[in-house]
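# Tertiary structure, described
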Amino acid sequence: MSDFREQALRYHAEPRPGKISIEISKAAETVTDLALAYSPGVAEPVREIAADPDNIYKYTAKGNMVAVISNGTAILGLGNLGHLASKPVMEGKALLFKRFAGLDSIDIEVSHRTTEEFITTVANIADTFGGINLEDIKAPECFEIEQELIKRCNIPVFHDDQHGTAIVTAAGLLNALEIQGKDIRKAIIVCMGAGAAAIACMELLIKCGAMREHIYMLDTKGVIHTRREDLNQYKQLFANNTDKRTLEDALQGADVFVGVSGPDVLPPAALSLMADKPVIFACSNPDPEIKPELAHAERGDLIMATGRSDYPNQVNNVLCFPFIFRGALDVRASVINDEMKLAAVQAIRAIAKEPVPQEVLLAAKVSSLEFGKGYIIPKPMDPRLLPRVARAVAEAAVRSGVARIPMPAAYFDA
C-alpha cells in the first residue's frame, strides 16, 4: 500500500502537477489569427450572441463544456475535508469526461458558509457551461442544492453521487435479478446506508418496478421505521411500518442487499438469513461491506458486485455520467429527467448481454466475458457505451420534451 501511495502521489505531481490542462482549438500563429481570436475579430461573435443568446452555442465552447463542482463535504469515503482537498477528485472527474465522452470539463471548488450561498454561487456562473456535475457534497444538503439548482439553471444539473450511482446500480441489479430468476416487483431489498447514494438508488429502483414497502433501509441506528422520530424528510420516505430493527431482522428472507455505507458491516454469517439465490451489491469504497471471497465462501448461489475494479461486476459511475452528459448536451436538454435516467439504465444493461469485443477483453486483461453471474454489467472501457448510452439519453430527452434541438445527424449514422 505504501508503494501504491507513492505511485499515486507521483502520478498527480509529475511531470507537471494535476491531471487536466487547457488546449486551444483554433490557429493562433499569425497576426491575422490573433486579430480573429481576440480584438478586433472577437467583437463579431459578441454582437451575434447579444442579438441572439442561442448563438453562444455556435461561437463558443459552451455546448461541450461541463463544470464539475464540489464543496468537499463528502470526499469519496474520506468525509468532510474541505473544498481544496476535493480538487484532485474533481480534476479526475474532468479527466474522465474527456477520456470517455470527449467533453471538456473544468473543476470548481466552492468555499461557502451556508447552503444558500453555495447555491447562489453556482447559479450565478451556470450560464458559462453546457451542464453541471455536482460531486462529493454531503447529505442532506446535497438534495436541497441539486433541487434548487435545477429550478434556477437553464442547463442540466446532475449530482453524480446520487444519480450516477443509482443508474449503474439499477442496470446491474436488474441483470442480476434476471439471471437469478427473480422479479424486481416481488424482491425484498435491504439497503445499508441512508445517504445521498442510498436514497437515489432506492428511488430509481422503485421507478424500475421495486415496491417501496419491500425496501428496508438502515442507517447507523438500524432499520428506518415509522415509529422513529429522528428522521429527516428524505429518510421518512423509506420509513417502513415494520417490527424489524436490526440488519439481521431485515435480511430474513431478503432477495437483495445493497450497501452504500462502510466497510465490513455485513457479517458473512448473516447471508444465511437471505432467500435462495440472493444478490449482494457491496459498493462501499475502497473496502466493501463484505469481501467477495467471504460472501462466496458463505453462499455459493449468490451474485456479488462491488465498487472495486479488482473484483468482477464493478459498479462504476464512469459507465454512466460521461454518456448521460454527452447525450444531454448534444440535444441541449434543459434537465436530466427520469426518462433519461431510465433510458441509460436499459442501454447499459443491454450491452452486458451482448458478445464482448476483443479490445474490451484485452483492456480488462481477461480471456473471456459472458453474461452471467460474473459479468452482469459492462466494463468501463467498452467503446459501445458512448454511442449507445448517449443516444438512448438523447432520444429520451427528445421524447420527453426537454431537448431544445433535434438529434444530431451523427447519431443516425452511428
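Just so we're clear, the structure is a prediction, and the values are computed from it rather than from any experiment.

Cut-offs used in this document
Residues numbered from 1 in each chain as written. Predicted model: local features only at pLDDT ≥ 70, side-chain atom pairs only at ≥ 80, totals over all residues. Heavy atoms only, no water. Salt bridge = Lys/Arg side-chain N within 4 Å of Asp/Glu carboxyl O. Helix = DSSP H or I, 4+ residues; strand = E, 2+ residues; numbered from the N terminus. Buried < 20%, exposed > 50% of the residue type's maximum accessible area, 1.4 Å probe, protein only. Pairing = 2+ DSSP bridges. Axes fitted to C-alpha atoms, helices over the stretch in contact; angles between N-to-C directions. Contact = heavy atoms within 4.5 Å. 1 Å grid on protein atoms, 1.4 Å probe; cavity = no way out; pocket = protein on both sides within 12 Å on 5 of 7 lines; lining within 4 Å. Points joined across faces, edges and corners; volume = space filled by probe spheres on them. Phe/Tyr/Trp six-rings, centres within 6.5 Å; stacked < 30°, edge-to-face > 60°. Lys NZ or Arg CZ within 6 Å of the ring centre and 35° of its normal.

## With respect to the pattern of salt bridges
According to the stated counting rule, one finds 35 salt bridges in the structure shown. Linking Asp338 and Lys207 is a salt bridge whose minimum nitrogen-to-oxygen distance equals 3.9 Å. With Asp338 in helix H14 (residues 338–352) and Lys207 in helix H9 (residues 196–207), this pair connects stretches of sequence that are 131 residues apart. The class of Lys207 is partly exposed, set by a relative accessible area of 39%.

## Description of the sheet that holds strand S1 (residues 65–70)
Strand pairing in a sheet is mediated by backbone hydrogen bonds. Such pairs are either parallel or antiparallel. Taking strand neighbours across the sheet as the criterion, the four strands line up as S2-S1-S3-S4 in an open arrangement whose pairing is parallel. Every interior strand has two partners, whereas the edge strands, strand S2 (104–109) and strand S4 (157–159), have only one. The mean angle between the axes of side-by-side strands here comes to 20°, regardless of whether they run parallel or antiparallel. Pairing analysis gives four bridges linking S1 to strand S3 (residues 131–134), with the strands arranged parallel. Each bridged residue has a counterpart across the sheet, and for Ile69 the counterpart in S3 is Leu134.

## With respect to helix H13 (residues 321–330)
Most of H13 is tucked away, with 10 of its 10 residues classed as buried. Where H13 is concerned, the buried positions are Phe321, Pro322, Phe323, Ile324, Phe325, Arg326, Gly327, Ala328, Leu329 and Asp330. Looking one or two residues beyond H13, the residue adopting positive phi is Arg332, at roughly 50°.

## Structural notes on the side chain of Asp330
The topology assignment puts Asp330 in helix H13. Judged by relative accessible area, which is 18%, Asp330 ranks as buried. In this structure, Asp330 is in contact with Ile405, Pro406, Pro408 and Tyr411, ignoring residues within four places of it in sequence.

## So, empty space enclosed by the protein
Applying the stated rule across the entire model yields one cavity of 30 Å³ or more. Taken as a whole, the largest cavity spans an internal volume of roughly 50 Å³. As for the largest cavity, its lining consists of Tyr57, Gly63, Gly130, Ile155, Pro156, Ala328, Leu329, Arg332, Ala333 and Arg404.

## Thoughts on the packing of aromatic side chains
One pass over the full model with this rule turns up four aromatic pairs. Here Phe97 and Phe321 contribute two aromatic rings whose centre-to-centre distance is 4.9 Å and whose plane-to-plane angle is 75°, an arrangement assigned as edge-to-face. One end of the pair, Phe97, is in helix H5 (residues 87–101); the other, Phe321, is in helix H13, and 224 residues separate them in sequence. Just as Phe97 is buried, Phe321 falls in that class too. An aromatic cluster of at least three residues, connected via ring pairs, comprises Phe97, Phe158, Phe321 and Phe325. Sitting above the plane of the Phe238 ring, Arg212 keeps its charged end 4.9 Å from the centroid. One Lys or Arg, Lys244, reaches over the ring of Tyr216 and ends 5.5 Å from the middle of that ring.

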